[in-house]
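Observations on the model geometry
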Amino acid sequence: MPTKSKTKPKKRKKTLVIVESPAKAKTIEKYLGRNYRVIASKGHIRDLPKSQMGIDFNNNYKPKYISIRGKGDTIKMLKSEAKKAKKVYLASDPDREGEAIAWHVAHALNLDNKDKNRVTFNEVTKDAVKDSFKHPRSIDMDTVNAQQARRILDRIVGYSLSPILWDKVKKGLSAGRVQSVALKLVIDREKAIKNFKPKEYWTIDALFKKSRKQFKSQFWGVDGKKQELPNNEAVKKILAKIDKRKDFKVEKVVTRQRRRQPAAPFTTSTMQQEANKRLNYRTRRTMSIAQQLYEGISLGKQGTVGLITYMRTDSKRTAPIAQAEASKFLHEKYGAKYAAKSQRHFKNQGDAQDAHEAIRPTSVYRTPESLKKVLTPQQYRLYRLIWSRFLASEMTPAVYDTVRADIVQNGVTFRTTGSKMRFAGFTKVYDNWQEKNVDLPDLNEGDMVEMVSSDNKQHFTLPPARYTEASLVHALEENGVGRPSTYAPTIDTIQRRYYVKLEGRSIVPTELGEIVDTLVEKFFPDIVNVDFTAQLEKDLDSVEAGKKNWVKVIDEYYHPFKKELDKADAGIEKVQIKDEPAGFNCDICGAPMVVKMGRYGKFYACSRFPDCRNTKPIVKKIGVTCPKCGKGDVVEKKSRRNRKFYGCSRYPKCDFVSWDKPVGRNCPNDGHFLVEKKTKKGPVILCPNGDYREEPKEEAAAK
């Protein structure tokens, strides 16, 4: 009897989904199930060539795209998987860069741009991902063209200006549209600080007493009119009017109830600002952690889940379903009085893109505390900030009882203000927002109060503060320069080029940055013109909205720039950056050493370079002997990431190193060297082992 031949069942073809990131690919594949294969392009696969401009100026600025070096294996893998697939979907991020990535991948795989193969989702959760595949669309060429226009303009500016800077100033420099504006903002602020002329003014603070309760008050004016105190003579005239033997009369008491409304949920810019101010996170670090939270975190049995919505957005809008969930959570957790009566609608800035929601948790029921074990400390802190900010935005206002009292004698008015929280409202969730209560005694009009003491002080007006990363992001956004995706790389670029440096949190321009800014401002005024750059951003938005042609936008920008470029090439003279004498000779050849400018700051080098290549780091002694070897000096150094640390001058013979500044004394308890740590209340001396602590002087005196 003949045997039947067994035929293997045909392998079912899977649907292929292409995203940017491998982490996101793993998460999405779990949501879609076994009939889907999800792979990553690992970002862009095509770009303009690095070795040339790559733009055909005679053919409507046609870009010459090539495969990015090192992406050959990835492209080969994408093509192989696409051939085996039943259908291909492009699920890159829901922004201009994501749309452009989808378009480039479609080109590499010979997919039709008109096919409905593009899916986007604002959050990496099972429901959002599955729902997006029910509504695929074709690639949005308006969005792609907006990205192309930006990329081409940045290439034209960068590849035109940088060679001039290399030739006239120093090799390795660069200039760009947004980074040049950011640098100018920093330098203009520095000029304002240097040109600032302080103005003298005085204050009179007084301590009053009613019954046994004392309270503070400040001089306000004379005869019912507010008066400034420009000098000590003005103070003496006021004090001469006061009879300290007599009581003051409470003439006017105003009681009010003040409501403080919660802030909107985060946009990219406000998230970067708050993370910098509250968590001391650099903008690049904030975006990196936010990317991890968006792409998904493993929650054990629940699998990998995206914890926040897309983190590149300038919209304050949130989905009604998320607002409803927040309201339900608030009713359950805190009670109805803490939940806003109706869903809030925060107004976007005039030029904000509303394609995505504000940044929020994908579910408020995933509280920060419930996730603490699965998140790194950095992820936990940023997630808690995002979670609490969103929840607070759906809560009732905080309510304060305020009192203002005018206390008068001989026409001299002192004014005192008090504030007491009546209802916490949103501050119950969004920490660090609670105002300090200023308790006053029960003051009524006609009451008499005694002046216990007065203290007159001289002050001077202060110059504007230097930019921090947070305030620079705010300035860029306020001026309409750049977009959410550009803030972090822009600030990173001007630091890497050593055009600016960080001193603590402050951004300070370097000599090199000032030279570059002067040249760009003189010969390319439009590049650093804030209004001009902001208008270009609006034009790019119009391209994305399908209202403007991208070639026309480039054309309008390029022709004036070309005229400036031709003038600059002939007009810029070579800048000599003079080497500053170091004050000692080279220990190899005996020639004088000089101070040179490098990528990571200044350093000592032999003046006979390149014949002698001797270099030395510039170190700052702190006046403390090395606690490890007892022979070398402790010197201040900078890491590659510009972070300050302390080491032994005899390195590598002695490998002592410390992030905290040694103070030259040992712990009385265990003999370990003591260090100085900065806190909000002032510098604290402590033992790293936790056995000893000296409080700040002011705090110790108070106790």
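Residues numbered from 1 in each chain as written. Predicted model: local features only at pLDDT ≥ 70, side-chain atom pairs only at ≥ 80, totals over all residues. Heavy atoms only, no water.

1. A few points about helix H1 (residues 22-32)
Of all the residues in H1, the buried ones are Lys-24, Ala-25, Thr-27, Ile-28, Tyr-31 and Leu-32. Projection of H1 onto a plane perpendicular to its axis shows the buried side chains occupying an angular sector of 170°, all on one side. Opposite the buried face of H1, by more than 90 degrees, sit the exposed residues Lys-26 and Lys-30. Tucked into the core, H1 has its buried residues touching strand E1 (15-19), strand E2 (36-40), helix H4 (126-132), helix H9 (283-295) and strand E13 (304-305). (Buried < 20%, exposed > 50% of the residue type's maximum accessible area, 1.4 Å probe, protein only. Helix = DSSP H or I, 4+ residues; strand = E, 2+ residues; numbered from the N terminus. Arc of directions from axis to C-beta. Contact = heavy atoms within 4.5 Å.)

2. With respect to the packing of aromatic side chains
Enumeration over the complete set of coordinates arrives at 21 aromatic pairs. Between the aromatic rings of Tyr-65 and Trp-103, the centroid separation amounts to 6.0 Å while the plane-to-plane angle is 80°, which identifies the pairing as edge-to-face. Taken as a pair, Tyr-65 in the loop between strand E5 (62-63) and strand E6 (66-67) and Trp-103 in helix H3 (residues 96-108) lie far apart in primary sequence, 38 residues in all. In terms of burial, Tyr-65 and Trp-103 fall into one category: buried. In this structure an aromatic cluster arises from ring pairing among Phe-208, Phe-215, Phe-219, Phe-248 and Phe-414. The aromatic ring of Tyr-159 is capped on one face by Arg-155, whose charged end is 3.9 Å from the ring centroid. Sitting over the face of the ring of Tyr-467, Arg-189 holds its NZ or CZ atom 4.2 Å from the ring centroid. (Phe/Tyr/Trp six-rings, centres within 6.5 Å; stacked < 30°, edge-to-face > 60°. Lys NZ or Arg CZ within 6 Å of the ring centre and 35° of its normal.)

3. Considering the sheet that holds E2
Taken in spatial order, the three strands line up as E2-E1-E7 in an open sheet, and their pairing is parallel. Only two strands of the sheet have a single partner each, and these edge strands are E2 and strand E7 (87-90). Adjacent strand axes in the sheet meet at a mean angle of 25°, parallel and antiparallel pairs treated alike. Strand contacts of H1: E1 and E2, with the helix running at about 170° to E2, the strand carrying the most contacts. Packing against the sheet, helix H2 (residues 72-84) makes contact with E1, E2 and E7, and its axis sits at approximately 165° to E2. (Pairing = 2+ DSSP bridges. Axes fitted to C-alpha atoms, helices over the stretch in contact; angles between N-to-C directions.)

4. A look at the UniProt feature "domain: Toprim" (unreviewed entry) in the protein chain
Per the UniProt annotation, the sites labelled "domain: Toprim" (unreviewed entry) are residues 14-124. Along residues 14-124, the helical share is 33% and the strand share 20%, with 21 Å between the first and last C-alpha atoms. (UniProt positions renumbered as here; feature names shortened; annotations may be inferred.)

5. Some words on the packing of helix H6 (residues 177-194) against helix H14 (residues 487-496)
In helix packing, the relevant descriptors are the interaxial angle and the interaxial distance, both defined with respect to the helix axes. Remark: H6 packs on H14, axes separated minimally by 9 Å, with the N-to-C direction vectors making an angle of 70°. Here H14 runs roughly perpendicular to H6, going by the angle between their axes. Two packed elements cross with a definite hand, and for H6 against H14 that hand is right-handed. Within the contact between the two elements, H6 uses Val-178, Gln-179 and Ala-182 and H14 uses Thr-490, Thr-493 and Ile-494. For the contact of H6 with H14, a count of residues per class yields three nonpolar, three polar and no charged. (Parallel < 35°, antiparallel > 145°, perpendicular 65-115°, else oblique. Left-handed = near helix turned anticlockwise from the far one by under 90°. Nonpolar A, V, L, I, M, F, W, Y, C, P; charged D, E, K, R; others polar.)

6. Some points on the nonpolar core
Counting residues in each nonpolar core, the largest one holds 62 residues, and the members touching the most others are Met-271, Leu-293, Leu-307, Ile-308, Met-311 and Leu-382. Where this core is concerned, the elements lending two or more residues are E1, H1, E2, helix H8 (268-279), H9, helix H10 (320-333), helix H12 (377-393) and strand E14 (398-409). Sorting elements by how many residues they give to this core places H12 first, with nine residues. Among residues more than four places away in sequence, those in contact with Leu-382 are Met-271, Ala-275, Leu-279, Tyr-281, Thr-286, Ile-289, Ala-290 and Leu-293. (Core = buried A, V, L, I, M, F, W, Y, C linked by side-chain atoms within 4.5 Å.)

7. Things to note about the sheet that holds strand E26 (residues 657-658)
Taking strand neighbours across the sheet as the criterion, the four strands line up as E23-E24-E25-E26 in an open arrangement whose pairing is antiparallel. Of all the strands in the sheet, just strand E23 (620-625) and E26 have a single pairing partner and so form its edges. One ladder, built from five bridges, connects strand E24 (residues 633-638) with strand E25 (residues 644-648); its direction is antiparallel. If you follow Val-634 over to E25, its bridge partner there is Cys-648.

8. Examining empty space enclosed by the protein
Under the defined criterion, the tally for this structure stands at three cavities of 30 Å³ or more. Considered as a void within the structure, the second largest cavity measures approximately 50 Å³ in volume. As for the second largest cavity, its lining consists of Leu-161, Ile-164, Leu-165, Ala-175, Leu-519, Val-520, Phe-524 and Ile-572. The set of elements that each furnish at least two residues to the lining of the second largest cavity consists of helix H5 (141-168) and helix H15 (511-523). For the lining of the second largest cavity, the element with the highest residue contribution is H5, accounting for three residues. Counted by class, the lining of the second largest cavity contains eight nonpolar, no polar and no charged residues. (1 Å grid on protein atoms, 1.4 Å probe; cavity = no way out; pocket = protein on both sides within 12 Å on 5 of 7 lines; lining within 4 Å. Points joined across faces, edges and corners; volume = space filled by probe spheres on them.)

9. A closer look at the environment of Pro-484
Checked against the element boundaries, Pro-484 lands in the loop between helix H13 (469-478) and H14. Classification of Pro-484 by relative accessible area gives buried; the value is 9%. Not counting residues up to four positions away in its chain, the partners in contact with Pro-484 are Thr-268, Gln-272, Arg-312, Thr-313 and Asp-314.

10. Here we look at a positive patch on the surface
A surface patch of like charges, here positive, comprises Arg-285, Lys-372, Arg-381 and Arg-384. On the secondary structure map, Arg-381 appears in helix H12. Judged by relative accessible area, which is 33%, Arg-381 ranks as partly exposed. (Patch = residues over 30% accessible without salt bridge, like charges linked within 9 Å, V, L, I, M, F, W, Y side chains within 5 Å. Areas by Shrake-Rupley, 256 points an atom, 1.4 Å probe, with all protein chains shown as cover. Salt bridge = Lys/Arg side-chain N within 4 Å of Asp/Glu carboxyl O. Lys, Arg positive; Asp, Glu negative; His and termini not counted. Charge placed at Lys NZ, Arg CZ, Asp CG, Glu CD.)

11. Brief notes about the domain arrangement of the protein chain
Domain assignment breaks the protein chain into domain 1 (15-139), domain 2 (148-196 + 465-571), domain 3 (200-261 + 398-460) and domain 4 (268-394). Taking the mean C-alpha position of each, domain 1 and domain 4 sit 27 Å from one another. Each partner contributes to the roughly 1,300 Å² buried at the junction of domain 1 and domain 4, and carbon and sulfur atoms together form 41% of this total. Here Arg-360 and Glu-123 are joined by a salt bridge, their closest N and O atoms 2.8 Å apart. (Domains from an automatic or database assignment. Buried area = accessible area lost by both parts, 1.4 Å probe.)

12. Considerations on the state of the cysteines
By definition, a disulfide links two cysteine residues through a covalent bond between their sulfur atoms. Per the stated rule, a full pass over the model turns up zero disulfides. Looking at the unpaired Cys-586, the closest cysteine sulfur is the one in Cys-612, lying at 3.8 Å. For Cys-586, a relative accessible area of 5% puts it in the buried group. (Disulfide = S-S within 2.5 Å.)

13. With respect to the packing of H10 against H12
One way to put it is that H10 packs onto H12 with a least axis distance of 9 Å and a crossing angle of 90°. It follows that H10 is roughly perpendicular to H12 by the angle criterion. The segment H10 lies against H12, with Ala-322, Gln-323, Ala-326, Phe-329 and Leu-330 engaging Trp-387, Phe-390 and Leu-391. Classifying every residue of the contact of H10 with H12 gives seven nonpolar, one polar and no charged.

14. A closer look at the side chain of Gln-179
Tracing the sequence through the fold places Gln-179 in helix H6. Among residues more than four places away in sequence, those in contact with Gln-179 are Ser-174, Thr-490, Thr-493, Ile-494 and Tyr-499.

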